[in-house]
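Results of the structural survey
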Amino acid sequence: VIVLLEQALHYSEISNGAFDITVGRLIDLWGFGTGTNQVPSEMELDEALGSVGYQGLEIDADANRVRIPSGTVIDLGGIAKGYAVDRARKVLEAKGIKSGMIYAGGDITTIGAKPDGSAWRVGVQHPRESEELIAIVELKSKTIVTSGDYERYFIDDGVRYHHIIDPESGYPAQGVISVTIYGAQAVDADALSTAVFVLGMDRGKELIEGLPGYEAIIVNQDGNIWVSSGLADRITLL
């Protein structure tokens, strides 16, 4: 758990807080994960925002201890699945598996190539048309993770509210509707997909282009698609 928390804090720092695991009270306020969604009042949001801030977490790795400020609730939903997928891959590789794919919702990782030596081909879902794809990406021993506003959301008074919360405003992040990250480790790609979603198109581009080994496909609310420079030879846009 300490390793996972340290990785989470790393992505909080490089994204200037766009990724923040201390948003638990905000997630609870909106009702995601409870089955009963609601739009919180401004007073409720202001109070919950007072508990948000990754800087308040103190990790003592040597003693295997973490200090969490009073009132702060940790939510690992933006990184734990990727961590689990990476662990599963390591178990299979230790058992001698040379070719395979692990699928966990929006997190996919591959072991080697397909048995015939060709690359795995993974489709990226259209964020508004569930039966359509926007792209196909080729993978060999790589991971692809997608975060979108279509995964968990509710509509209230004609407005769509999704589960990817901006830690600064307390509201669902605006401007982007889908982010797909390609790279080596699912735990990193998981955190980055959330961070880029919250950062938005322009700041998200800047973060990804500055990170070696990780690429992105970003779709904004106008339907415009941006593909990072290092992904051009591995992607087919549909």
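Summarised in this report is the structure supplied together with it.

Before going further, it helps to examine unusual backbone geometry. Of note in this structure, Asn16 is not a glycine but carries a positive phi near 55°. Residue placement: Asn16 occurs in the loop between helix H1 (2–14) and helix H2 (24–30). Assessed through its relative accessible area of 69%, Asn16 is described here as exposed. Phi at Ser141 is positive, roughly 55°, even though this residue is not glycine. Mapped onto the secondary structure, Ser141 falls in the loop between strand E6 (133–139) and strand E7 (143–148).

Another aspect to go through is the environment of Gly200. Mapped onto the elements of the fold, Gly200 is located in the loop between helix H5 (186–199) and helix H6 (201–209). Take Gly200: its relative accessible area is 9%, and that puts it in the buried class. With residues up to four places along the chain from it excluded, the contact list for Gly200 reads Val176 and Lys205.

Attention now moves to the side chain of Thr146. Mapping Thr146 onto the fold places it in strand E7. Only 2.8 Å separates the side chain of Thr146 from the side chain of Thr180, close enough to count as a polar contact. With residues near it in sequence (within four places) discarded, Thr146 still touches Gly106, Val124, Glu151, Ser178, Val179 and Thr180.

Attention now moves to the pattern of salt bridges. Overall, the coordinates contain seven salt bridges when judged by the stated rule. Across the pair Arg89 and Asp86 runs a salt bridge, and its minimum N-O distance is 3.5 Å. Linking Arg89 with Asp86, this pair stays in helix H4 (residues 80–94), spanning three residues, or about one helical turn. When its relative accessible area of 5% is taken as the criterion, Asp86 is described as buried.

Cut-off values and rules
- Residues numbered from 1 in each chain as written.
- Predicted model: local features only at pLDDT ≥ 70, side-chain atom pairs only at ≥ 80, totals over all residues.
- Heavy atoms only, no water.
- Helix = DSSP H or I, 4+ residues; strand = E, 2+ residues; numbered from the N terminus.
- Buried < 20%, exposed > 50% of the residue type's maximum accessible area, 1.4 Å probe, protein only.
- Contact = heavy atoms within 4.5 Å.
- Polar contact = N/O pair within 3.5 Å; in protein donor to acceptor, adjacent residues only side chain to side chain.
- Salt bridge = Lys/Arg side-chain N within 4 Å of Asp/Glu carboxyl O.

Taken by themselves, the reported measurements are silent on function.
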